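What the coordinates show
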Amino acid sequence: MDRILIRGGKPLNGVIHVRGAKNAVLPLMAAALMAEAPCILHNVPCLHDVFSMDKLLSDMGMKIDFTGRTMTLDPGGLNKPEAEYDLVRRMRASFFVLGPLLARFGKARVSLPGGCAIGSRPVDIHLKSLEAIGAKIRIEDGYVVAEGPLQGANVSLDFPSVGATENLLMAACMTPGVTRIANVAREPEIEDLARFLNALGAQISGAGTDLITIVGVDALGGAEHVVMPDRIEAGTFLAAGVATRGDVTVLNANADHLPVFLDKLREMGATVEVHGSRIRAHAANGLRGVNITTLPYPGFATDLQAQIMAAVTCAEGVSIIKETVFENRFMQLAQLNRMGADIGLDGNAAIVRGVKAISGAPVMASDLRASAALVIAGLAASRGETAISRVYHIDRGYERIEERLAGVGADIERVRT
Ligand code: EPZ
């Protein structure tokens, strides 16, 4: 199992290229299940989660060629509308194949995803919304078995779930009639998916707002699409820059996707400049504490909560960080305290009292974004070495993170054990 070793205390300075968005490319790959002709995706990140989705779709008969950052998906040989437990349990996003399979084949058998470190992560909203457009669904031996026919309808989600929105959006594309989805997720990844589906021949309007309308079509062709930049990766590297009192610029980013996050960096005392697809953040004079509440988009992204917590461990004053999207997303808290942070918990709020300095320590990654927080804390530690184990969590969502951080001055290496 690899470990990442970090010797902190060095301000990061330089430029980092942001890759394609993990949380966009995974549903985009699933959407290719509905295409009648080959699809080409550009700017695809080389991530473990992408390889997992590749394996899942290939198991269904999809022919995939992934070279460099371009992925070609040929649905010509699709023959198995099923997603096996062993593949789904590794990655919850596998569940996003349910809607496309149901739309394409009129039936689907998809393993229920297990919970994970950040919560039980049920799929009740996914199932209820698919039933609202006519799907007959039963749970059998740990699998969701779904059958059509489907019929357009008005659906309102109990919560703007990203995954449930994506499953329903894809299923509705090939459902006869008109489907309107209210209280729908508004994340940029939903807009990216809608752009791709419309390029395939779907008729979707309203993506990015809280009401999406879909007019069903009989079939979808093929299309070429450039995956949007990863806003969470951009935010992660900017948080690392300010946490080390450095000066980091991310390229190929979209500042419009980080409205609240960039304002919070400014509130913390960082200078943030946006020039087109370049975002620069620097904080030579240290940081102030800040209050944050995570919310569905366009609120503060839950996927950036752990990273900001790491960044404010040595800020002046107290920060109150409320997590409202997931029930257990403070896995980084105990590990940060092991490094000398002073963080208390009050229900769903973390109280971070700024300390003068934190120091390196052996820590364990638990989930993707908590792991990113440990990297940031290791970089910000004024002395000692941070050894992060179970780094496969990091590799799920960040491509070669140690090389890219070393490129802006971090003393960081990956050791294979
Ligand atoms: C997506 O997960 C992202 N993953 C997550 O990113 C992200 O944290 C999350 O959206 C919120 O923005 C991908 O896009 C692959 P949800 P998803 O359904 O769709 C509850 C990362 O680090 N819920 O919006 O699973 C759920 O338990 C990952 O990149 C139900 O109760 O998130 C959670 O508390 C982590 N019933 C809340 O809603 C349901 O049927 C938000 O979940 C569905 C969800």
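What this report covers is the structure whose coordinates are included nearby.

Cut-off values and rules
Along each chain, numbering runs from 1 in the same order as the chain's sequence is written. Residues qualify for local features only when their pLDDT is at least 70, as the model is predicted, and side-chain atom pairs are given and counted only at 80 or more; totals for whole chains, interfaces and linings, by contrast, use all residues. Working from all heavy atoms in the structure, the side-chain values ignore hydrogens and water. The helix count covers DSSP runs of H or I at least four residues long, the strand count covers runs of E at least two residues long, and both are numbered beginning at the N terminus. Only the C-alpha atoms count toward the radius of gyration. The rule for a globule is 2.2 Å times the residue count to the power 0.38. The cut-offs for exposure are 20% and 50% of the maximum accessible area for each residue type, with area from a 1.4 Å probe on protein chains only; residues under the lower value are buried, those over the upper are exposed, and the others partly exposed. Accessible areas in this description were obtained via Shrake-Rupley with a 1.4 Å probe; residue shielding takes into account the shown protein chains only. Should DSSP find at least two bridges between two strands, the strands are taken to pair. We call two residues contacting when some pair of their heavy atoms lies within 4.5 Å. For helices, the axis comes from a line fit to the C-alpha atoms of the stretch in contact; other axes are also lines fit to C-alpha atoms, and the angle between any two N-to-C directions lies between 0 and 180 degrees. Multiplying 1.5 Å by the residue count of a helix minus one yields the expected span of that helix. Taking the helix axis as origin, the arc is that swept by the directions to the C-beta atoms. Each aromatic pair joins two rings of Phe, Tyr and Trp (for Trp, the six-membered one) with centres within 6.5 Å, and gets the label stacked for planes under 30 degrees apart, edge-to-face for over 60, and tilted for any other angle. Note on terminology: near, applied to a residue and a molecule or strand, indicates that one of the residue's heavy atoms is within 4 Å of it. Two N or O atoms form a polar contact when they lie within 3.5 Å of each other; inside protein one atom must be a possible hydrogen donor and the other a possible acceptor, and for residues adjacent in sequence the pair counts only when both atoms belong to side chains. In this classification, the charged set is Asp, Glu, Lys and Arg, the nonpolar set is Ala, Val, Leu, Ile, Met, Phe, Trp, Tyr, Cys and Pro, and all remaining amino acids, among them Gly, are polar. Put simply, angles under 35 degrees are roughly parallel, angles over 145 are roughly antiparallel, angles from 65 to 115 are roughly perpendicular, and the rest are oblique. Left-handed is the label given to a crossing in which the near helix is rotated counterclockwise from the far helix by less than a right angle, and right-handed is the label when the rotation is clockwise.

Attention now moves to the overall build of the protein chain. A tally of helices and strands in the protein chain yields 14 helices and 24 strands. Taken over the C-alpha trace, the protein chain has a radius of gyration of 21 Å; the compact-globule value for 417 residues is 22 Å, and the two agree within 12%. With the principal axes as the frame, the protein chain shows a C-alpha extent of 60 × 45 × 40 Å. Split into buried and exposed, the 417 residues of the protein chain put 57% on the buried side. Here the protein chain displays about 15,300 Å² of accessible surface, and carbon together with sulfur accounts for 50% of that area.

This part is about the sheet that holds strand E8 (residues 136-140). Read across the open sheet, the 4 strands follow the order E6-E7-E9-E8; overall the sheet is mixed. Each edge of the open sheet is held by one strand with a lone partner, namely strand E6 (82-83) and E8. Here E8 pairs with strand E9 (residues 143-147) via 5 bridges, running antiparallel. Bridge assignment links Lys136 to a residue of E9, and that residue is Glu147. On the sheet, helix H4 (residues 98-105) packs against E6, strand E7 (107-111) and E9 and is oriented at approximately 160 degrees with respect to E7.

Attention now moves to helix H2 (residues 48-59). Since the α-helix packs 3.6 residues into each turn, any two residues three or four apart lie on the same face. An ideal rise of 1.5 Å per residue puts 16 Å on 12 residues; H2 measures up with 17 Å between its terminal C-alpha atoms. Among all positions in H2, only Asp49, Val50, Met53, Asp54, Leu56 and Leu57 are buried. Relative to the axis of H2, the buried residues are bounded by an arc of 165 degrees and lie together on one face. In this structure, the buried side of H2 is in contact with helix H1 (22-31), strand E4 (63-67), strand E5 (70-74), E6 and helix H3 (85-88). At the exit of H2 stands Gly61, carrying a positive phi of roughly 110 degrees.

Before going further, it helps to spend a moment on the sheet that holds strand E1 (residues 2-7). The mixed open sheet is built from 4 strands, whose spatial order is E22-E23-E1-E24. In the strand order of this sheet, the two ends are held by strand E22 (362-364) and strand E24 (411-416), each with one partner. Taking the axes of each pair of neighbouring strands and ignoring which way they run, one obtains an average angle of 20 degrees across the sheet. In the sheet, E1 pairs with strand E23 (residues 385-389) via 4 bridges, with the strands oriented antiparallel. The residue bridging Ile6 from the neighbouring strand is Thr386, located in E23.

This part covers the packing of aromatic side chains. In the structure shown here, the tally under the stated rule is 2 aromatic pairs. Consider the rings of Phe51 and Phe66, whose centres lie 6.2 Å apart with planes at 50 degrees: the pair is tilted. In this pair, Phe51 is assigned in helix H2 and Phe66 in strand E4, connecting sequence segments 15 residues apart. Phe51 gets classed as partly exposed once you look at its relative accessible area, which sits at 40%. Geometrically, the ring pair formed by Phe261 and Phe300 is tilted, given 6.0 Å between the ring centres and 45 degrees between the ring planes.

Let us now look at the site of the ligand. Contacts to the ligand come from 22 residues, most closely from Arg92, Asp124, Ile125, Asp303 and Val325. Between the ligand and the protein, one listed contact pairs an oxygen atom with a side-chain N or O atom of Arg92 at 2.7 Å. For the ligand, a nitrogen atom lies 2.7 Å from a polar atom in the side chain of Asp124. For the ligand, whose accessible area on its own is 810 Å², the fraction buried by protein is 90%. Put simply, the parts of the chain that give the shell around the ligand at least two residues each are H1, helix H5 (124-132), helix H6 (162-173) and helix H12 (368-380). Tallying contributions element by element places H5 first for the shell around the ligand, with 3 residues. When grouped by side-chain class, the residues that make up the shell around the ligand number 10 nonpolar, 5 polar and 7 charged.

This part takes up the packing of H6 against helix H7 (residues 188-200). In the contact formed by H6 and H7, the axes pass within 11 Å of each other and the chain directions differ by 15 degrees. Relative to H7, H6 is oriented roughly parallel. The element H6 and its partner H7 pack so that their crossing is right-handed. Taking contact as the criterion, the partners of Val162, Thr165, Glu166, Leu169, Met170 and Cys173 in H6 are, on H7, Glu189, Ile190, Leu193, Ala194 and Leu197.

Let's shift gears to the pairing of strand E3 (residues 39-42). Looking down a regular strand, the side chains alternate between one sheet face and the other. Only one face of E3 is covered, namely the one carrying Cys39 and Leu41; the face carrying Ile40 and His42 has none of its residues buried. As paired strands, E3 and E5 are joined by 3 bridges and run antiparallel to one another. Paired with Ile40 across the bridge in E5 is Thr72. Summarising the sheet, E3 and strand E14 (residues 224-226) pair through 3 bridges and their orientation is parallel. Bridge assignment links Leu41 to a residue of E14, and that residue is His225.

The values reported here are purely geometric and, on their own, carry no functional implication.
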